[in-house]
Amino acid sequence: MELECYPTSNRLPEIVPGRQSRAWMDHFMERHPYRCLPLSMANTSGWELLCPMGFTAEWDGGIYQESIKLTPDVPHPDFHEFAKSHFSHGVLTLHAGYLFKTPPGWSMWVMGSPNHIKDGIQPLAGVVETYWLPFPFTMNWRFTRPGMISFKKGEPFDFIYPLPHEKMDEIEPIVKSIHDDPDLKQQYEAWGQSRTNFLDRLHQNDAEAVKHGWQRDYFRGRTPEGHVAPDGHINRRRLKTPRKAEKG
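Residues numbered from 1 in each chain as written. Predicted model: local features only at pLDDT ≥ 70, side-chain atom pairs only at ≥ 80, totals over all residues. Heavy atoms only, no water.

Participant: Would you mind showing me how to read the overall build of the protein here?
Facilitator: A tally of helices and strands in the protein yields six helices and 14 strands. Expected size for 248 residues packed as a compact globule is a radius of gyration near 18 Å; at 22 Å, the protein overshoots this value by more than 25%. Dimensions of the protein, computed from the C-alpha atoms along their principal axes, are close to 60 × 45 × 40 Å. Going through the 248 residues of the protein one by one, you find that 33% of them count as buried. Counted over contacts in the protein with a minimum sequence separation of 6, partners at least 24 positions apart contribute 68%. Split by element, the accessible area of the protein, about 16100 Å² in all, is 54% carbon and sulfur. If you average the places of the 29 positive and of the 31 negative side-chain charges in the protein, the two averages end up 6 Å apart. (Helix = DSSP H or I, 4+ residues; strand = E, 2+ residues; numbered from the N terminus. Rg over C-alpha atoms; globule rule 2.2 N^0.38 Å. Buried < 20%, exposed > 50% of the residue type's maximum accessible area, 1.4 Å probe, protein only. Contact = heavy atoms within 4.5 Å. Areas by Shrake-Rupley, 256 points an atom, 1.4 Å probe, with all protein chains shown as cover. Lys, Arg positive; Asp, Glu negative; His and termini not counted. Charge placed at Lys NZ, Arg CZ, Asp CG, Glu CD.)

Given below as structure tokens:
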């Protein structure tokens, strides 16, 4: 499967596989949040588009396009083709600089980089039918209050990943009783008991529990009872960096 990326701008943002690190996660003692595999996997399950230049955006709380003031950190001839106040009402629009094409049946989920927190502004998410659209999309952020925010050069402003668009409507959520699946119930109860015991030992400063610090069963792909996850278990993404297509 190929994700085709057609440049539409002279100031192309760099596209990189999603990076695991987050500043707020780094500040925890022993970088504890990185022990949460679902959190780290979300950070890396897609591609980041990075700001080609740094800039500030200031919203005065008004409803007009002119209510947002945009200023590049360094004068840049293409800045106002990248950042705009297009929709008004405190919405900042950033242009991706590419027209993306996905295979039939696949759309693109467009959002802010997962768990990348910015004070004062919120990324808006969208699903785009990139398998047929002949034009690009934009990434939009909405101020949560009047004030000034900044994007640094190289900071992710957009996060993309392909979505099996047609298959979504085939999914039917069904609420079931766990008592109807004795094997699953046993595994669930074993997990609960194992976690309770580990936390109790940790709070009691049990030497072995303190040494381990956290339970690694999910990361390693196994259950407390020793069941091994299927071969599809992943604890690290290995997404490809975009390459130029070969001519001819």
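Participant: What should I look at first to understand the sheet that holds strand 3 (residues 47–50) in this one?
Facilitator: Spatially, five strands are ordered 2-3-14-9-11 in an open sheet, and the strand pairing comes out antiparallel. Of all the strands in the sheet, the pair left with one neighbour each is strand 2 (15–17) and strand 11 (126–128). Averaged over all pairs of adjacent strands, the angle between their axes in this sheet comes to 30°, without regard to strand direction. With four bridges joining them, strand 3 and strand 14 (residues 156–164) adopt antiparallel strand pairing. Its bridge partner being in strand 14, L49 is matched across the sheet by D158. (Pairing = 2+ DSSP bridges. Axes fitted to C-alpha atoms, helices over the stretch in contact; angles between N-to-C directions.)

Participant: Please clarify how the side chain of S88 should be interpreted in this entry.
Facilitator: One can find S88 in the loop between strand 6 (83–84) and strand 7 (91–95). Polar contacts involving the side chain of S88 include one to the main-chain carbonyl oxygen of I63, which spans 3.4 Å. Of note is the side chain of S88, whose polar atom sits 3.1 Å from the side chain of H89. In contact with S88, other than residues within four places in its own chain, are I63, Y64 and Q65. (Polar contact = N/O pair within 3.5 Å; in protein donor to acceptor, adjacent residues only side chain to side chain.)

Participant: How should I be thinking about the layout of surface pockets in this particular structure?
Facilitator: If a probe the size of a water molecule is rolled over the atoms, the empty space left behind becomes visible. By volume, the largest pocket is sized at about 940 Å³. Taken together, the elements giving at least two residues each to the lining of the largest pocket come down to strand 1 (4–7) and strand 2. Per-element tally for the lining of the largest pocket: the top contributor is strand 1, with four residues. (1 Å grid on protein atoms, 1.4 Å probe; cavity = no way out; pocket = protein on both sides within 12 Å on 5 of 7 lines; lining within 4 Å. Points joined across faces, edges and corners; volume = space filled by probe spheres on them.)

Participant: Mind showing me how you'd approach the side chain of S113 here?
Facilitator: Relative to the helices and strands, S113 resides in the loop between strand 9 (106–111) and strand 10 (121–123). Residue classification places S113 among the buried residues on the basis of a relative accessible area of 7%. Side chain to side chain, S113 and E48 meet in a polar contact 3.0 Å long. In this structure, S113 is in contact with R22, E48, P156 and F159, ignoring residues within four places of it in sequence.

Participant: Looking at this model, I keep getting lost on the nonpolar core. Mind explaining?
Facilitator: One recurring pattern in soluble globular proteins is that nonpolar side chains are buried together. If you look at the biggest cluster of nonpolar residues, it comprises 31 residues, and the most contacted ones within it are F55, L92, L94, F100 and F151. The contacts of F55, once residues within four sequence positions are left out, are L70, T71, P72, D73, F79, F82, A83, L92, L94, I149, S150 and F151. (Core = buried A, V, L, I, M, F, W, Y, C linked by side-chain atoms within 4.5 Å.)

Participant: Help me understand the pattern of salt bridges in this model?
Facilitator: Pairs can form between side chains of opposite charge whenever their charged atoms are close. On inspection of all chains with the given rule, the structure shows six salt bridges. For E155, the salt bridge identified is with K118, shortest N-O distance 2.9 Å. Placement of E155 in the loop between strand 13 (147–151) and strand 14 and of K118 in the loop between strand 9 and strand 10 is noted, with a sequence separation of 37 residues between them. There is no split in this pair, since E155 and K118 are both buried. E189 is the partner of K185 in a salt bridge, and the nearest nitrogen-oxygen pair spans 2.7 Å. One end of the pair, K185, and the other, E189, are both in helix 4 (residues 182–203), four residues apart, so they sit about a helical turn from each other. Accessibility expressed as a relative area gives 42% for E189, which makes it partly exposed. (Salt bridge = Lys/Arg side-chain N within 4 Å of Asp/Glu carboxyl O.)

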